[in-house]
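So you can see what is in the structure, the chains are spelled out below.
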There are 4 protein chains.
Amino acid sequence: MAKWSAQRERLREIIFEAETPAGRFFDVTLLWCISLSVIAVMLESVQEIHAVWGDFLYAVEWVFTSIFTIEYGLRLWTSRKPLRYARSFFGVVDLISVLPSYIGLFVAGGHALMVIRVLRLLRIFRVLKMARHIAGADMLMRALYSSRAKITVFFTVVLTITLISGTLMYMVEGTHWVDGERQGFTSIPISVYWAIVTVTTLGFGDITPVTPLGQLLTSALVLTGYAILAVPTGIVTAEIIGASAGNPTSEACPSCGVHGHLPDARFCRRCGGKLD
Amino acid sequence: MAKWSAQRERLREIIFEAETPAGRFFDVTLLWCISLSVIAVMLESVQEIHAVWGDFLYAVEWVFTSIFTIEYGLRLWTSRKPLRYARSFFGVVDLISVLPSYIGLFVAGGHALMVIRVLRLLRIFRVLKMARHIAGADMLMRALYSSRAKITVFFTVVLTITLISGTLMYMVEGTHWVDGERQGFTSIPISVYWAIVTVTTLGFGDITPVTPLGQLLTSALVLTGYAILAVPTGIVTAEIIGASAGNPTSEACPSCGVHGHLPDARFCRRCGGKLD
Amino acid sequence: MAKWSAQRERLREIIFEAETPAGRFFDVTLLWCISLSVIAVMLESVQEIHAVWGDFLYAVEWVFTSIFTIEYGLRLWTSRKPLRYARSFFGVVDLISVLPSYIGLFVAGGHALMVIRVLRLLRIFRVLKMARHIAGADMLMRALYSSRAKITVFFTVVLTITLISGTLMYMVEGTHWVDGERQGFTSIPISVYWAIVTVTTLGFGDITPVTPLGQLLTSALVLTGYAILAVPTGIVTAEIIGASAGNPTSEACPSCGVHGHLPDARFCRRCGGKLD
Amino acid sequence: MAKWSAQRERLREIIFEAETPAGRFFDVTLLWCISLSVIAVMLESVQEIHAVWGDFLYAVEWVFTSIFTIEYGLRLWTSRKPLRYARSFFGVVDLISVLPSYIGLFVAGGHALMVIRVLRLLRIFRVLKMARHIAGADMLMRALYSSRAKITVFFTVVLTITLISGTLMYMVEGTHWVDGERQGFTSIPISVYWAIVTVTTLGFGDITPVTPLGQLLTSALVLTGYAILAVPTGIVTAEIIGASAGNPTSEACPSCGVHGHLPDARFCRRCGGKLD
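Residues numbered from 1 in each chain as written. Chains lettered and ligands numbered in written order. Predicted model: local features only at pLDDT ≥ 70, side-chain atom pairs only at ≥ 80, totals over all residues. Heavy atoms only, no water.

### Focus: the interface of chain A and chain D
How big an interface is tends to be reported as the loss of accessible area on association of its parts. Selection criterion: Here, residues are in contact when the closest pair of their heavy atoms is within 4.5 Å. Accessible-area loss on putting two parts together, using a 1.4 Å probe and summing over both, is the definition of buried area adopted here. Each reported salt bridge corresponds to a side-chain nitrogen of Lys or Arg within 4 Å of a carboxyl oxygen of Asp or Glu. In protein, a polar contact requires one atom able to donate a hydrogen and another able to accept it; more generally it is a pair of N or O atoms within 3.5 Å, and residues adjacent in sequence count only if both atoms are side-chain atoms. Each helix is a run of H or I in the DSSP string that is no shorter than four residues. Each strand is a run of E no shorter than two, and both are numbered from the N terminus. Just so you know the grouping, Ala, Val, Leu, Ile, Met, Phe, Trp, Tyr, Cys and Pro go in nonpolar, Asp, Glu, Lys and Arg go in charged, and all remaining residues, Gly too, go in polar.
Residue-level contacts link 41 residues of chain A with 46 residues of chain D. Buried area between chain A and chain D, both sides added, is near 3,700 Å², and the carbon and sulfur share of it is 79%. There are 0 salt bridges connecting chain A and chain D. Connecting chain A to chain D are 1 residue pair in polar contact (both at pLDDT 80 or more). Among the secondary structure elements, those contributing two or more residues to the side of chain A that touches chain D are helix H2 (21-44), helix H7 (131-146), helix H8 (148-175), helix H9 (188-199) and helix H10 (212-244) of chain A. Partitioning the side of chain A that touches chain D into residue classes produces 28 nonpolar, 10 polar and 3 charged.

Structure, rendered in structure tokens:
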């Protein structure tokens, strides 16, 4: 019994850790399997390849799905806290990485969702021990997170602008150029979609203004967009500079609770009390 | 009479404040009504939906317009200073949110302007008590406002560049490629519109240069554009960094001479001595 | 004779200065004339308008050209140093603002160059006494100027990348998709033009990759472009922050010649000598 | 024998250095040859020019290839450490600049690779003694290099997002709009290509969403893209600011306690006392 448990512990180390040679070998093999299975799914969607290699890729798909299903089972079994693993980010990703194949048996085309396996590749950071990379990602996440209030406001403003300018374009382009039917700006939702495509300077060109007034409005919209879209860049830049340099810390004064002290502060700037 | 006035006061609290449960309920209901009415207007503009649900959506429009008209009346009546409310940002928005329906009775298509109701949704920040969000928006506005001189200069420069390069393209593309008629760059205003679309890297592709010289000029224009368009981003970023940091001041501590204190500092962070 | 000279002086004040009411009136009238003449040139290029209003706009053009020719003569005559004025930025602009009309007598279409008159509108900053604006423009110019070394390097790198990736695309897209004729990437210069349009994220869509390898290269190019194009934004932002905040000054130490001291420096940080 | 060696040394100075008049003349001539040969290759690819000037340009190509082959031989021969030169960046570039002509004898179209000669033009920085420029390039490289961890994370995130959103679009656009054949989003690889084109706001418009759900997803993708693409700009800006400022350190003066000295400071800028 103890031997059994020890074996499970050894397996756990191989599967969840990347410290031992065996664990490292397992992780690298896994990353290759994931990459190959994602590539297989992508290739299968190309008609010319599907016509010739369809059966082979179908087999490959099920081989990888079997491997990943077994792996998921082993992870659940060897994990010390299976529920916690199952609910973690990678636990959920591991599960939904195998589901699409089974769903594909019932729903046509559903197996394309297998591409979600690519999320499992994010494990690569752990395998390569890229502590620097994770620190970088962490800093980015914190920068984005601490800007969330400003980003929310920003998106609200952008959506309001696109809704209103989309509607204006719908009216302006609609009154002219009937030609039997409306062209391009056929409805408000499509005009709003166009406004988003325009304000972000994406500019597909599938819908374009043809009336002089519409072109004037477009010019105004895209120039306004430029001033507005400088804002998220500015926000994120300010956060990154703040995070990487020694900007006011979040440490609070033990006497009065004020925070936001400079990194070299020894005394609270509001009450004069000593900081830790 | 006093009871009447008290009732008006209670109604005012419900309508204008979001502190009491009733006030909160009123505001949330209102936000749902606004969202639904905006969605209804958008859907009505889609021909396929209009064909089937046209009458229903027409009814919905008038229900919401009635509700908002009554609400506007109540706001005017319960407000302590009705004129001040009527002239405030939200007062004007509330009024022009109901007008398009009535205008639509006389002018075809005019009711699409109802989408302006979306501006009323900005009240959401108050309902959700997102003080942080309002602070964020406020900071953005101040950053943009204090950059207005630079932004004006920037727009003047961009317009001058687009006017001149648009005219150049009109001449360059016009001398070649006649083919019976001019193509693309058919007039200076359209060429200026094209130059704006190009310099902002929007690039619809509805008008594109076809002569070698035109393509050379386009390359030069878009690369110049890149150097120029880095400027508003830089301006806004500099303002945001300046505004968000509550940047250390250059004031020095009278006791120890250390400087670089935060703007709200009352005590030196190095020696704990009192600042002026 | 003295009276004559005094009159010339009075005229000079009206034409060149904006301090007296008469001078101000002259400048505002001039700005209106310039705006109207630019608009007239633009409208004349629109075929539908030209068909109806052609003769009228032709007359307008010559009225304004006469006014500007007389004005240029007066400026030359009243200026204290006519040669210096003639060689100054506005002197040259004033001259080339009237030339296109006369050139248009001999070369068809040449009068469209009159749009260059829009440069004269830059005088608006002086008329409106927008000292703030000029300071802003000045700061921008200095920020761009002090970044010129980095910007030169940046453009060299971008041109090298676009030349090489354009040629690669020419070869990749050329070997496939013959279909009787090459499509899109028909020559290296056009492919380089495409690469510039792509790397700046302009993306007209007049030429697009159709081979899988070409699409892969395009993806790599635009993602690389993103990392590279963050650079000018970063450069300009850094300069603007440096220019607006109190970054190291360019003042040199009188003792040892070291410069780049902080704005509050009283002693040289290298030799300890006193600064002015 | 010694004379022979001295002659080789003299030749080495002319070829590798730009200090002597002869060396300078050699370098400037070389840059002109490179520019002309690159322009010749580009012009040769234009069909109309090839038809008329093909033979002439073919001759030009071989003249320059001969010159560059001899030059490469001389560099190898005169260099003190030929192997080290052959393996250096410019050594490799010099070699692959002449190879395409010879390859072109066997593989049709291969000589277009000669455009790679443009890399040799980077020598211009040395010839013009643009120490400033090289310092600028150096700073940029260091800024990019020290950001490599964050940039890697950024690209991983972008690729993951484009893979998943590309697959989603493939499914969404595929279920609708069959019309005999799928349109636009015909396979996952093409959809991923589209997602990259979209998220970078390139927006060719060769493939565009036509279903309402696809347009909604596109809007979400491009807005998300905006928040994400602000990140590399922020990273690079932060690095440039950090690198260019020689930012004040947090070290304090032992005499007066003032801190925020420049990194190369040896004396306190406030009291003139010696720093550690």
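Let's pick the thread back up.
### Points about unusual backbone geometry
Residue and element names in this part refer to chain C. Put simply, the test is: Buried means the residue's accessible area, taken with a 1.4 Å probe over protein chains only, is under 20% of the maximum for its type, while exposed means over 50%, and partly exposed covers the values in between.
The phi torsion at Thr-201 lies on the positive side, around 60°, for a residue other than glycine. Inspection of the secondary structure puts Thr-201 in the loop between helix H9 (188-199) and helix H10 (212-244). The exposure class of Thr-201 is buried, given its relative accessible area of 3%.

### A few points about empty space enclosed by the protein
The following threshold applies: Here a cavity means grid points, on a 1 Å grid over the protein atoms only, where a 1.4 Å probe fits yet cannot get out; a pocket means an open set of points with protein on both sides within 12 Å along at least five of seven lines; lining residues are those with an atom within 4 Å of a point. Grid points are joined across faces, edges and corners, and a volume is the space filled by probe spheres set on the points.
Taken as a whole and judged by the stated rule, the model has 7 cavities of 30 Å³ or more. Taken as a whole, the largest cavity encloses approximately 400 Å³ of empty space. Put simply, the parts of the chain that give the lining of the largest cavity at least two residues each are H10 of chain A, helix H10 (212-245) of chain B, H10 of chain C together with helix H10 (212-245) of chain D. The residue inventory of the lining of the largest cavity, partitioned by class, reads 12 nonpolar, 10 polar and no charged.

### Overview of H9 of chain C
Residue and element names in this part refer to chain C. Our working definition: Given the number of residues in a helix, its expected span is that number minus one, multiplied by 1.5 Å.
Relative to the 16 Å expected for 12 residues at 1.5 Å per residue, H9 spans 16 Å between its end C-alpha atoms, a close match to the ideal helical length. A large share of H9 lies buried, amounting to 11 of its 12 residues. Taken together, the buried positions of H9 are occupied by Ile-188, Ile-190, Ser-191, Val-192, Tyr-193, Trp-194, Ala-195, Ile-196, Val-197, Thr-198 and Val-199. Of the residues one or two after H9, Thr-201 is the one with positive phi, at around 60°.

### Re the pattern of salt bridges
Summed over all chains, the structure comprises 16 salt bridges over all chains. Across the salt bridge formed by Glu-71 of chain B and Arg-75 of chain B, the nearest N and O atoms sit 2.6 Å from each other. Of this pair, Glu-71 of chain B and Arg-75 of chain B both sit in helix H3 (residues 47-78), 4 residues apart, roughly one helical turn. Of the two residues, Glu-71 of chain B and Arg-75 of chain B, neither departs from the other in class, the shared state being buried. For the salt bridge of Glu-9 of chain C with Arg-80 of chain C, the shortest nitrogen-to-oxygen distance reads 2.9 Å. In this pair, Glu-9 of chain C sits in helix H1 (residues 2-16) while Arg-80 of chain C sits in the loop between helix H3 (47-78) and helix H4 (82-87), placing the two residues 71 residues apart along the sequence. Given a relative accessible area of 28%, Glu-9 of chain C falls into the partly exposed group. Residues joined in a network through salt bridges with shared partners are Glu-9, Arg-12 and Arg-80 of chain A.

### Notes on a nonpolar patch on the surface
Residues and elements named next belong to chain A. Here is the rule we go by: Within the patch definition used here, like charges are joined within 9 Å and nonpolar side chains (Val, Leu, Ile, Met, Phe, Trp, Tyr) within 5 Å, considering only residues with over 30% relative accessible area and no salt bridge. Under the convention used here, a 1.4 Å probe and the Shrake-Rupley method define accessible areas, while residue burial counts only the protein chains that appear.
The grouping of Tyr-58, Val-92, Leu-95, Ile-96, Leu-99, Tyr-102, Ile-103, Leu-105, Phe-106 and Val-107 at the surface amounts to a nonpolar patch, some 890 Å² of accessible area in total. Top contributing element to the nonpolar patch by residue count: helix H5 (residues 89-104), with 6 residues. With respect to the helices, strands and loops of the structure, Val-107 is situated in the loop between H5 and helix H6 (124-127).

### Let's talk about the packing of aromatic side chains
Filter applied, for reference: What counts as a ring pair is set by centres within 6.5 Å for rings of Phe, Tyr and Trp (its six-membered ring), and what kind of pair is set by the plane angle: stacked under 30 degrees, edge-to-face over 60, tilted for all other angles.
Enumeration according to the criterion identifies 32 aromatic pairs over all chains in this entry. Their ring planes at 65° and their centres at 5.2 Å tell us that Phe-89 of chain B and Phe-90 of chain B sit as a pair that is edge-to-face. Phe-90 of chain B gets classed as partly exposed once you look at its relative accessible area, which sits at 26%. Ring geometry for Phe-185 of chain D against Trp-194 of chain D: centres 4.9 Å apart, planes inclined by 70°, an arrangement best described as edge-to-face. By the burial criterion, Phe-185 of chain D is buried, and Trp-194 of chain D matches it.

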